[in-house]
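Here are the chains, one letter per residue:
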Amino acid sequence: MAGRAIIYSDGYGHPFAETSPILADLGRSSGWNVTIEPSLDAVLARLAGDDLLIVNALRWSMTQHEKYAPDRAQWAVMLPDAQMQRLDDHVRLGGRLLVIHTGTICWDNQPGWPAIMGGGWQWGVSYHPPLGAVRVELTEAGRARSDGPSRFEIVDEAYHQLSPTADCEILAMADAGEGAQPVAWLRHHGRGRVGVDALGHDGRSLRDPGHAALIGAMLSWLGEEG
């Protein structure tokens, strides 16, 4: 069923200009007609029906630490309620959503965002070890969906304590030396389908054959009917 996909690509401190084209290629390989859009306003204006929204971005309030102060004027965002409702309506009424890496941190003023994802970054709870070697192992559900290797090692940021909810189908666990953490899952939100892949810091991670196969499996599931 795969149809139109829009990648929202924008934000702070990560190489989105590198990663979004890779994600676009993975989407096209899974049958999606993919475009990249840096404006959330434009994304929300275009989304319709069962379109797939891929959030590869990092926009949040930036209030948690003064180290962010110099960059707030350019990058800080408090997502308006109307836009949060638009995102929720899109997925709940049958749209598709794939959240990549820093997308789990976005829009921290809106509790509805982690509610759609079924988990996500919680300031004061979630964290990640420094960028480095991460061992990824697919769960039984992940092995059933992906035609790639069941274990692979990448260089990435492994987000910890994202707390996926009980209705999430966990596809992959990642270990950066502090114990395995769930980093990829699928779930339904209303009539819509949601995938979360908390890995994908840069192109090295997304180009890894094991990781690319996992994302491809998620994109295929997101394109299914029902």
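Criteria and thresholds
- Residues numbered from 1 in each chain as written.
- Predicted model: local features only at pLDDT ≥ 70, side-chain atom pairs only at ≥ 80, totals over all residues.
- Heavy atoms only, no water.
- Helix = DSSP H or I, 4+ residues; strand = E, 2+ residues; numbered from the N terminus.
- Rg over C-alpha atoms; globule rule 2.2 N^0.38 Å.
- Buried < 20%, exposed > 50% of the residue type's maximum accessible area, 1.4 Å probe, protein only.
- Areas by Shrake-Rupley, 256 points an atom, 1.4 Å probe, with all protein chains shown as cover.
- Lys, Arg positive; Asp, Glu negative; His and termini not counted.
- Charge placed at Lys NZ, Arg CZ, Asp CG, Glu CD.
- Phe/Tyr/Trp six-rings, centres within 6.5 Å; stacked < 30°, edge-to-face > 60°.
- Lys NZ or Arg CZ within 6 Å of the ring centre and 35° of its normal.
- Pairing = 2+ DSSP bridges.
- Salt bridge = Lys/Arg side-chain N within 4 Å of Asp/Glu carboxyl O.
- Expected span 1.5 Å × (residues − 1).
- Contact = heavy atoms within 4.5 Å.
- Arc of directions from axis to C-beta.

Caption draft 1: The overall build of the protein chain, seen in detail. Within the protein chain, the regular secondary structure consists of 8 helices and 9 strands. Relative to the compact-globule value of 17 Å for 226 residues, the protein chain shows a C-alpha radius of gyration of 16 Å, a close match. Summarising its shape, the C-alpha atoms of the protein chain cover approximately 40 × 40 × 35 Å along the three principal directions. Going through the 226 residues of the protein chain one by one, you find that 55% of them count as buried. For the protein chain, the computed accessible surface area is about 9200 Å², with 52% contributed by carbon and sulfur atoms. Within the protein chain, the 28 negative side-chain charges are centred at a point lying 3 Å from the centre of the 18 positive side-chain charges.

Caption draft 2: Focus on the packing of aromatic side chains. Taken as a whole, this structure holds 9 aromatic pairs when the rule is applied. Their ring planes at 70° and their centres at 4.7 Å tell us that W107 and W113 sit as a pair that is edge-to-face. Judged by its relative accessible area of 1%, W107 falls in the buried class. Since its relative accessible area comes to 1%, W113 is described here as buried. Through pairs of rings, three or more aromatic residues link up here, namely Y12, W60, Y68, W121, W123 and Y159. Directly above the ring of W221 sits R193, whose terminal nitrogen or CZ lies 4.5 Å from the centroid.

Caption draft 3: Quick look at the pairing of strand β4 (residues 96-100). With respect to burial, β4 is a largely interior element, 5 of its 5 residues being buried. Of the two faces of β4, both are covered, the one formed by R96, L98 and I100 as well as the one formed by L97 and V99. Pairing geometry for β4 and strand β9 (residues 192-197), over 5 bridges, is parallel. Of the residues in β9, the one forming a bridge with I100 is D197.

Caption draft 4: Expanded view of the pattern of salt bridges. Under the definition given, this model contains 13 salt bridges. Residue E18 pairs with R207 through a salt bridge whose shortest N-O separation is 3.7 Å. You can see E18 sitting in helix α1 (residues 16-29) and its partner R207 sitting in helix α7 (residues 203-207), a full 189 residues away along the chain. Residue E18 is classed as partly exposed on the basis of its relative accessible area, which comes to 31%. For R207, a relative accessible area of 52% corresponds to the exposed category. A salt bridge links R28 to D25; its shortest N-O distance comes to 3.3 Å. With a gap of 3 residues between them, R28 and D25 both fall in helix α1, about one helical turn apart. For D25, a relative accessible area of 47% gives the class partly exposed. A cluster of three or more residues bridged by salt bridges with shared partners is formed by D88, D89 and R92.

Caption draft 5: α1, seen in detail. Here α1 spans 20 Å end to end across 14 residues, near enough to the 20 Å set by a 1.5 Å rise per residue. Regarding α1, the residues found buried are F16, T19, S20, I22, L23, A24, L26 and G27. On its buried face, α1 sits against β1 (4-11), β2 (33-37), β3 (52-58), β4, α7 and α8 (209-222). Positive backbone phi, at 95°, marks G31, one or two positions downstream of α1.

Caption draft 6: Representation of helix α4 (residues 81-92). Between its first and last C-alpha, α4 extends 16 Å over 12 residues, near the 16 Å set by a 1.5 Å rise per residue. Every buried residue of α4 is accounted for by Q83, M84, L87, D88, H90 and V91. The arc that holds the buried residues of α4, viewed along the axis, is 160°, so those residues lie on one side. Among the exposed residues of α4, those pointing more than 90 degrees away from its buried face are D81 and A82.

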